[in-house]
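Below, each chain spelled out in residue letters.
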Amino acid sequence: MSEARIADLALWARGRLADLVDDAYTATVERIPLYRKGDLGPAPELRESITQNLRFIIGAIAHP
């Protein structure tokens, strides 16, 4: 993939961060029983962790 397309991907992801977080949060809670039960921490902390991780990944894509 060209650098321009990678930059476009990062820009797209940055613009959809809230939706990506929602999707990742939903998938995590649905697929991992410990998260579904709340055994690994409160929902806001999980959502914040996902947000920070996605920001890091998007930043790494934007600036390899």
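Residues numbered from 1 in each chain as written. Predicted model: local features only at pLDDT ≥ 70, side-chain atom pairs only at ≥ 80, totals over all residues. Heavy atoms only, no water.

## Thoughts on the side chain of Thr-51
We count it as follows: Secondary structure elements are taken from DSSP: a helix is a run of H or I of four residues or more, a strand is a run of E of two residues or more, and numbering for both begins at the N terminus. Here, residues are in contact when the closest pair of their heavy atoms is within 4.5 Å.
Mapped onto the elements of the fold, Thr-51 is located in helix α4 (residues 43-62). Non-local contacts of Thr-51, meaning those with residues more than four positions away in its chain, are made with Leu-17 and Val-21.

## Some details on the side chain of Thr-28
Here Thr-28 is to be found in helix α2 (residues 17-31). Leaving out residues up to four positions away in the same chain, Thr-28 has contacts with Tyr-35, Leu-46 and Ile-50.

## Some remarks on the packing of aromatic side chains
Heads up, the condition is: Two rings belonging to Phe, Tyr or Trp (six-membered ring only in the last case) form a pair when the distance between their centres is within 6.5 Å. Interplanar angles under 30 degrees mark stacking, angles over 60 mark edge-to-face geometry, and anything in between is tilted. Comment: the charge-over-ring label is applied if NZ (Lys) or CZ (Arg) is within 6 Å of the ring centre and within 35 degrees of the ring normal.
Taken as a whole and assessed by the stated rule, the structure comprises 0 aromatic pairs. Above the plane of the ring of Tyr-25 lies Arg-47, whose end atom (NZ or CZ) is 4.3 Å from the centre.

## So, the confidence of the model for the protein chain
Defined as follows: The pLDDT value expresses, per residue, how confident the predictor is, ranging between 0 and 100.
Mean pLDDT over the protein chain stands at 92; residues scoring 70 or higher make up 100%. Between the elements of the protein chain, mean pLDDT differs from a low of 85, seen in helix α3 (residues 33-37), to a high of 96, seen in α2.

## Regarding a nonpolar patch on the surface
Condition: Distance thresholds for patches are 9 Å for like charges and 5 Å for nonpolar side chains (Val, Leu, Ile, Met, Phe, Trp, Tyr), applied to residues having over 30% relative accessible area and no salt bridge. The Shrake-Rupley method, run with a 1.4 Å probe sphere, supplies the accessible areas, and residue values consider only the shown protein chains as cover. Note on definitions: salt bridges are taken to be side-chain nitrogens of Lys or Arg within 4 Å of carboxyl oxygens of Asp or Glu.
Taken together, the side chains of Met-1, Leu-9 and Trp-12 make up a nonpolar region of the molecular surface, amounting to roughly 370 Å² of accessible area. Considering the arrangement of structural elements, one finds Leu-9 in helix α1 (residues 3-15).

## A look at the nonpolar core
Note the cut-off: Put simply, a nonpolar core is a bunch of buried Ala, Val, Leu, Ile, Met, Phe, Trp, Tyr and Cys residues held in one set by side-chain atoms that sit within 4.5 Å of each other. Buried, partly exposed and exposed residues are distinguished by accessible area as a fraction of the type maximum, computed with a 1.4 Å probe on protein chains only: under 20%, between the cut-offs, and over 50%, respectively.
Ala-10, Ala-13, Leu-17, Val-21, Tyr-25, Val-29, Leu-46, Ile-50 and Ile-58 form the largest nonpolar core, which has 9 residues in total. Of all the secondary-structure elements, those providing two or more residues to this core are α1, α2 and α4. If one sorts the elements of this core by residue count, α2 sits on top with 4 residues. Not counting chain neighbours up to four residues away, the residues in contact with Leu-46 comprise Tyr-25, Thr-28, Val-29 and Tyr-35.

## Points about the pattern of salt bridges
Inspection of every chain in the model, using the stated rule, returns 2 salt bridges. Between Arg-47 and Asp-22 there is a salt bridge; the shortest N-O distance is 2.7 Å. In this pair, Arg-47 is assigned in helix α4 and Asp-22 in helix α2, connecting sequence segments 25 residues apart. For Asp-22, a relative accessible area of 36% corresponds to the partly exposed category.

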